[in-house]
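# Overview (structure and organization)
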Amino acid sequence: MGLSADQGSLFFALRPRQWIKNLLVFLPLIFGQRLFDFPTNLHTLLCFLLLCLAASAVYLMNDLFDLEKDRLHPTKRLRAIASNRLRPRLALGWSLMLAVAALGGSFWLKTQLGYVVLAYLVVNVFYSWKLKEKFLLDVFIIGGLFLLRIVAGTLVSDVYFSHWMILMVVLLALFLVFSKRRMELSLPGIDKGARPTLFQYETGFLDQVILIVASSIAVVYMLYTVDVRTVRLVGNLHLMYSIPFVYYGLFRFLFLMRSTKGVEDDPVGVFLSDGLSQLNLVLWALVCLGVVYFGL
């Protein structure tokens, strides 16, 4: 299947910057002290790549489902399919190919992983088709999809992953999705036909929920650092030194979400455009690696 003039549009329609979400599969590997364990680290890397294929298949499919609604949206109307820069038939073909490749590769790598990726694809089909129109349920489904990423990482790294960390990831997903809803409501000129469910969320309600979830993330992460199993694994309480970075990251994002009001509607875009947030994440990762692997 040739790409011809659609090549550049197809690449952006795959949403490569959203692949950053799939980095969650590395958390069980890192905190399970198997980062330098070959071939486990290679299997996790392959899992990451396969999830990226599956995610891109889903994004193409979602754009096909939402074609008419996206054309009413102030920013989504610029997407490749909605703006007629990418032919729907070509997008459908690539979506199916990527989904088959992701499924085949996952079952080849590990049977249980194949079922997880299958569940990820099936849930996304129903989400794009109907469930995204259900108030609150849409947010919790996305939280469940984040959980599937953690399950995938746990399966390929073959480690026990802390229930605190799993809960924190789900809370982080809720935080990002509620924040996205809040940012979308701030966009000027958004049409109710673009996303009817969006207007069931009131800004006051979203502000309260975002603060509750952000607080929960911080508390759950603190509990993880002092959990008996965590302390036994790393040999000390020094993971507590990473707590300030979690607080800073949350506070920084809340600040950026308000300062970019009416301009940006994607939390990932906010993160990728802010050097301080990226630096904070790197420092958090370095502290965690130093404690988990070098007993600092």
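See the structure printed just above.
Bear in mind the structure is a predicted one, so any value in this text is a computation, not a measurement.

### Focus on the overall build of the protein chain
Of the regular secondary structure elements, the protein chain holds 13 helices and zero strands. Here the C-alpha atoms of the protein chain give a radius of gyration of 20 Å, agreeing with the 19 Å that 2.2 N^0.38 yields for 296 residues. The dimensions of the protein chain, computed from C-alpha atoms along their principal axes, are 55 × 45 × 30 Å. Excluding contacts between residues fewer than 6 apart, the proportion of contacts in the protein chain whose partners are at least 24 apart in sequence is 73%. Approximately 14,100 Å² of the protein chain is accessible, and the part contributed by carbon and sulfur atoms is 70%. Across the protein chain, the 27 positively charged side chains and the 18 negatively charged ones have centroids separated by 1 Å.

### Quick look at the packing of aromatic side chains
Across all of its chains, the model carries 12 aromatic pairs by this definition. When the centroid spacing of 5.6 Å and the interplanar angle of 75 degrees are considered together, the rings of F11 and F12 count as edge-to-face. Given a relative accessible area of 61%, F12 falls into the exposed group. Aromatic side chains Y221 and W284 sit 6.5 Å apart centroid to centroid with 55 degrees between the ring planes, which places their arrangement in the tilted category. Residue Y221 is located in helix α9 (residues 203-226), and its partner W284 is located in helix α13 (residues 275-294); the two are separated by 63 residues in the primary sequence. W284 matches Y221 in its accessibility class, with the two residues each being buried.

### Let's talk about helix α8 (residues 163-185)
Across its 23 residues, α8 extends 33 Å between first and last C-alpha, which sits within 8% of the 33 Å expected from 1.5 Å per residue. Of the residues flanking the start of α8, the one acting as N-cap is S162, its side-chain oxygen 3.1 Å from the backbone nitrogen of W164.

### Describing the environment of V151
For V151, the location among the structural elements is in helix α7 (residues 137-157). Classification of V151 as partly exposed rests on a relative accessible area of 32%. Between the alpha carbons of V151 and V25 there is a distance of 7.9 Å; along the sequence they are 126 residues apart.

### Concerning the pattern of salt bridges
For the structure on display, the rule yields seven salt bridges. The partner of R182 in a salt bridge is D207, and the shortest N-O contact between them spans 2.8 Å. With R182 in helix α8 and D207 in helix α9, this pair connects stretches of sequence that are 25 residues apart. For the salt bridge of D207 with R258, the shortest nitrogen-to-oxygen distance reads 3.9 Å. Placement of the pair is D207 in helix α9 and R258 in helix α11 (residues 243-259), with a sequence separation of 51 residues. The exposure class of R258 is partly exposed, given its relative accessible area of 49%. Taken together, the shared-partner salt bridges in this structure form one network comprising D138, R181 and E184.

### A short note on unusual backbone geometry
The linkage connecting F38 with the following residue, P39, adopts the cis geometry, with an omega of 10 degrees. Non-glycine residue Q33 carries a positive phi angle of around 60 degrees. Tracing the backbone through its elements, the reader meets Q33 in the loop between α2 (26-31) and α3 (40-65). On the basis of relative accessible area, Q33 is assigned to the partly exposed category, the value being 33%. In this structure, L136 is a non-glycine residue whose phi angle is positive, near 70 degrees. The class of L136 is partly exposed, set by a relative accessible area of 27%.

### Some words on a nonpolar patch on the surface
Taken together, the side chains of F65, F107, Y115, L118, V122, V125, F126 and W129 define a hydrophobic patch exposed on the protein surface, amounting to about 750 Å² of accessible area. Assignment of secondary structure puts F107 in helix α5 (residues 88-109).

### Considerations on the packing of α5 against helix α6 (residues 111-129)
Contact geometry for α5 and α6: axes closest at 5 Å, N-to-C directions at 155 degrees. In terms of their interaxial angle, α5 and α6 are classed as roughly antiparallel. Crossing geometry of α5 relative to α6 is assigned as right-handed. Between α5 and α6, the contacting residues are A99, A102, L103, S106, F107 and L109 on the first element and T111, L113, G114, Y115, V117, L118 and L121 on the second.

### Regarding the environment of V292
Within the secondary structure, V292 sits in helix α13. A C-alpha to C-alpha distance of 15 Å links V292 and M165, two positions 127 residues apart in sequence. For V292, the residues in contact, after removing those within four places along its chain, are I30, F31, Q33, V234 and L239.

Conventions used here
Position numbers for residues count from 1 along each chain, tracking the sequence in the order it is written. Since the coordinates come from a predicted model, pLDDT governs what is reported: local features require at least 70, and pairs of side-chain atoms require 80 or more to be given and counted, while whole-chain, interface and lining totals use all residues. Side-chain figures throughout are based on the complete set of non-hydrogen atoms in the structure, without hydrogens or water. Each helix corresponds to a stretch of at least 4 residues labelled H or I by DSSP, and each strand to a stretch of at least 2 residues labelled E; elements are numbered beginning at the N terminus. With the radius of gyration taken over C-alpha atoms, the globule rule is written as 2.2 Å times the number of residues to the power 0.38. Residue contacts are defined here by distance: any two heavy atoms, one from each residue, within 4.5 Å place the two residues in contact. What sets the accessible areas is the Shrake-Rupley method with a 1.4 Å probe; for residues, cover comes only from the shown protein chains. Charge counting treats Lys and Arg as positive and Asp and Glu as negative, with His and both chain ends excluded. All charge positions are set by atom: Lys at NZ, Arg at CZ, Asp at CG, Glu at CD. Note on aromatic contacts: the rings of Phe and Tyr and the six-membered ring of Trp form a pair at centre separations within 6.5 Å, being stacked when their planes are under 30 degrees apart, edge-to-face when over 60 apart, and tilted otherwise. Relative accessibility thresholds used throughout: buried, under 20% of the residue-type maximum; exposed, over 50%; partly exposed, between the two (1.4 Å probe, protein chains only). The span one expects for a helix is its residue count, reduced by one, times 1.5 Å. Nitrogen and oxygen atoms within 3.5 Å of one another constitute a polar contact, given that in protein one can donate a hydrogen and the other can accept it, and given that sequence-neighbouring residues count only through two side-chain atoms. Take a side-chain nitrogen of Lys or Arg and a carboxyl oxygen of Asp or Glu: if they are within 4 Å of each other, that pair is a salt bridge. Each patch is built from salt-bridge-free residues with over 30% relative accessible area, joining like charges within 9 Å and nonpolar side chains (Val, Leu, Ile, Met, Phe, Trp, Tyr) within 5 Å. Working convention: axes come from line fits to C-alpha atoms, limited for helices to the stretch in contact. Angles between N-to-C directions cover 0 to 180 degrees. Roughly parallel refers to an angle under 35 degrees, roughly antiparallel to one over 145, roughly perpendicular to one between 65 and 115, and oblique to any angle outside these ranges. Working rule for handedness: look at the near helix, and if it is turned counterclockwise from the far one by less than a right angle, call the crossing left-handed; if clockwise, right-handed.

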